[in-house]
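Results of the structural survey
Given next are the chains, with one letter for each unit.
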Amino acid sequence: MMFRPKIFKKENLALLSYHLSSLLQSGLPLIASIDFLVEQKLLPLDFGKKLILFLEEGLSLAAALKKLHFPSFFVSFICISEEYGDYVLGLKQCYKYYSSHAKWLRELKQACIYPFFVLFLVIIALFFMILIVLPKFDELYKTMDLTLPFLTLFLLTLFNYFSYFLWSFLLLSIFLIVVILCYKAFVKKKLNLDGILLKIPFLKKYYIFNFNHYFSLQLGFMLKAGIPLLKALELLCELTHFSKVKDSLQMVKAALLKGESFARSLLKSKFMLVSLTKMVALGEKIGSLDDILLNYAANLEILIKNGINKFTTNLEPFLIFVVGGFIAFIVIVLFLPMLQLVKAL
């Protein structure tokens, strides 16, 4: 077991793809290009030596990368590029995909820093109220022998009950975070969260959009390279890292074998967007399916990016509203007995 190397980060994969494609495009052989990347420290020494060794033994680049436990998504790009015989085009796809996603992640992190900082402060304030403030109010009201309003009584009872389990909950949360971080750091196999993503509405939508982008982009390039449609679908079934859609792709392939059009075959899959099936039908009609798919992938990429930007823009005011409302509710409920006492005087 070992830590996941830095080369597996999206930024580094994008950089590796860019430089390797440039070297190959200039006419340098594959092994010499990899050796040059190792010398320039764009590829770790141990990875570079093993990669060159595997290639000299006769393995394909995709097979060698797979043995080195490179991300399956990256390997799928290389494997498909081997099918249409153009590493440069496949690596340029990798660069475009990983650089774009790395940029999205950076923007998402930057946009979420302030809202989650506010949320962190609120959690600290909540712990302070549970451990220090609420017990004082509870003791005060018991000393004064006041008849508490239902909301105040309910709130104090709830927080008293919660305080018993507070430390257990905190320790369990820390344990789960450590387990997840250790899994990501040590385990070479990627944690499969597809089942969880598909159960959360917002994440399910992102998952489906992301898959449709990948599907249209890869299929468009393969068709443009002259790979037959059935063969291209077979490759996508084998190489896709979207584990939950493999059965759906097999259904699409089966419908094609029965003689149905590609657009109608896509309707067999619940993961295909309606807009994709319409564009495929148009592509079949005008005889330019590859260009239609590539244009669709480019437009869908813009749509995904705009959706993420919209989410991050709306997240901050939403968190502030929810947190502010929650704190205001607690303060009002805690001081209700005081207000009743003042009215009674």
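Reading the values: rules and limits
Residues numbered from 1 in each chain as written. Predicted model: local features only at pLDDT ≥ 70, side-chain atom pairs only at ≥ 80, totals over all residues. Heavy atoms only, no water. Phe/Tyr/Trp six-rings, centres within 6.5 Å; stacked < 30°, edge-to-face > 60°. Helix = DSSP H or I, 4+ residues; strand = E, 2+ residues; numbered from the N terminus. Buried < 20%, exposed > 50% of the residue type's maximum accessible area, 1.4 Å probe, protein only. pLDDT = per-residue confidence, 0-100. Contact = heavy atoms within 4.5 Å. Polar contact = N/O pair within 3.5 Å; in protein donor to acceptor, adjacent residues only side chain to side chain. Salt bridge = Lys/Arg side-chain N within 4 Å of Asp/Glu carboxyl O. Core = buried A, V, L, I, M, F, W, Y, C linked by side-chain atoms within 4.5 Å. Axes fitted to C-alpha atoms, helices over the stretch in contact; angles between N-to-C directions. Parallel < 35°, antiparallel > 145°, perpendicular 65-115°, else oblique. Left-handed = near helix turned anticlockwise from the far one by under 90°. Nonpolar A, V, L, I, M, F, W, Y, C, P; charged D, E, K, R; others polar. Patch = residues over 30% accessible without salt bridge, like charges linked within 9 Å, V, L, I, M, F, W, Y side chains within 5 Å. Areas by Shrake-Rupley, 256 points an atom, 1.4 Å probe, with all protein chains shown as cover. Expected span 1.5 Å × (residues − 1). Bend = angle between axes of the 7 residues up to and from the residue.

1. Things to note about the packing of aromatic side chains
- Overall, the coordinates contain 8 aromatic pairs when judged by the stated rule.
- Where Phe47 meets Phe70, the ring centres are 5.8 Å apart and the plane angle is 80°; that geometry is what we call edge-to-face. Of this pair, Phe47 sits in helix H3 (residues 45–56) while Phe70 sits in the loop between helix H4 (61–67) and helix H5 (72–83), placing them 23 residues apart in sequence.
- Ring geometry for Phe150 and Phe154: centres 6.1 Å apart, planes at 20°, overall stacked. Of this pair, Phe150 and Phe154 both sit in helix H7 (residues 150–186), 4 residues apart, roughly one helical turn.
- Overall, the relative accessible area of 66% leaves Phe150 in the exposed class.

2. Digging into the confidence of the model for the protein chain
- Overall, the prediction assigns the protein chain a mean pLDDT of 80, with 90% of residues at 70 or greater.
- When pLDDT is averaged over each helix and strand of the protein chain, the minimum, 63, is found for helix H8 (residues 194–197) and the maximum, 91, for helix H2 (residues 30–39).
- Confidence over residues 187–191 falls short of pLDDT 50; this stretch has 9 contacts with residues more than four positions distant or in other chains.

3. Notes on the side chain of Ser216
- Along the polypeptide, Ser216 turns up in helix H9 (residues 201–224).
- A polar side-chain atom of Ser216 sits 2.7 Å from the main-chain carbonyl oxygen of Asn212.
- At 3.2 Å, the side chain of Ser216 forms a polar contact with the backbone oxygen of His213.
- Not counting residues within four places of it along the chain, the set of residues in contact with Ser216 comprises Leu276, Leu293, Leu294, Tyr296 and Ala297.

4. Looking at the pattern of salt bridges
- This model, assessed by the stated rule, comprises 2 salt bridges.
- Here Lys253 makes a salt bridge to Glu234, at a shortest N to O gap of 3.7 Å. On the criterion of sequence distance, the pair formed by Lys253 in helix H11 (residues 246–257) and Glu234 in helix H10 (residues 229–239) is long-range, its members being 19 residues apart.
- We classify Lys253 as buried; its relative accessible area is 18%.
- Between Glu260 and Lys268 there is a salt bridge; the shortest N-O distance is 3.9 Å.
- Glu260 gets classed as partly exposed once you look at its relative accessible area, which sits at 27%.

5. A closer look at unusual backbone geometry
- Unlike most non-glycine residues, Lys41 shows phi in positive territory, near 60°.
- Located in the positive-phi region is His69, a residue other than glycine, with phi close to 65°.
- On the secondary structure map, His69 appears in the loop between H4 and H5.

6. Considering the nonpolar core
- With 77 residues, the main nonpolar core has Leu43, Phe70, Phe215 and Phe262 as its most contacted residues.
- With 11 residues, H9 is the single largest residue contributor to this core.
- In this structure Phe262 touches Phe215, Leu219, Leu229, Leu233, Val252, Leu256, Val280, Glu284 and Leu289, once residues within four positions along its chain are discounted.

7. Some remarks on the packing of H5 against H10
- It is the contact of H5 with H10, at a shortest axis distance of 10 Å, that shows an interaxial angle of 155°. Our classification of the angle between H5 and H10 gives roughly antiparallel. Once H5 is placed against H10, the crossing between them reads as right-handed. Listed contacts from H10 to Ser76, Cys79, Ile80 and Glu83 of H5 are Lys231, Leu235, Leu236 and Leu239.
- Along the lines of polarity and charge, the residues of the contact of H5 with H10 split into 5 nonpolar, 1 polar and 2 charged.

8. Overview of a nonpolar patch on the surface
- A surface patch of nonpolar side chains, amounting to about 600 Å² of accessible area, comprises Tyr114, Phe117, Phe120, Leu121, Ile124 and Ile320.
- For the nonpolar patch, the element with the most residues is helix H6 (residues 87–144), which contributes 5 residues.
- When you line up the elements, Phe117 lands in helix H6.

9. Description of the environment of Trp104
- Here Trp104 is to be found in helix H6.
- Separated by 200 residues in the primary sequence, Trp104 and Ile304 place their C-alpha atoms 9.7 Å from one another.
- Setting aside residues no more than four positions away along its own chain, Trp104 makes contact with Glu301, Ile304, Lys305 and Ile308.

10. Here we look at H6
- Given a rise of 1.5 Å per residue, 58 residues ought to cover 86 Å, and the 80 Å separating the end C-alpha atoms of H6 matches this to within 8%.
- At Met129, H6 shows its maximal bend, which comes to roughly 45°.
- The distance from a side-chain oxygen at the start of H6 to the backbone nitrogen of Val88 is 3.2 Å, and the residue carrying that oxygen is Asp86.
- Looking one or two residues past H6, Asp145 carries a phi angle of roughly 55°, positive in sign.

11. Here's the deal with the side chain of Gln218
- Note on placement: Gln218 falls in helix H9.
- The class for Gln218 is buried, based on a relative accessible area of 0%.

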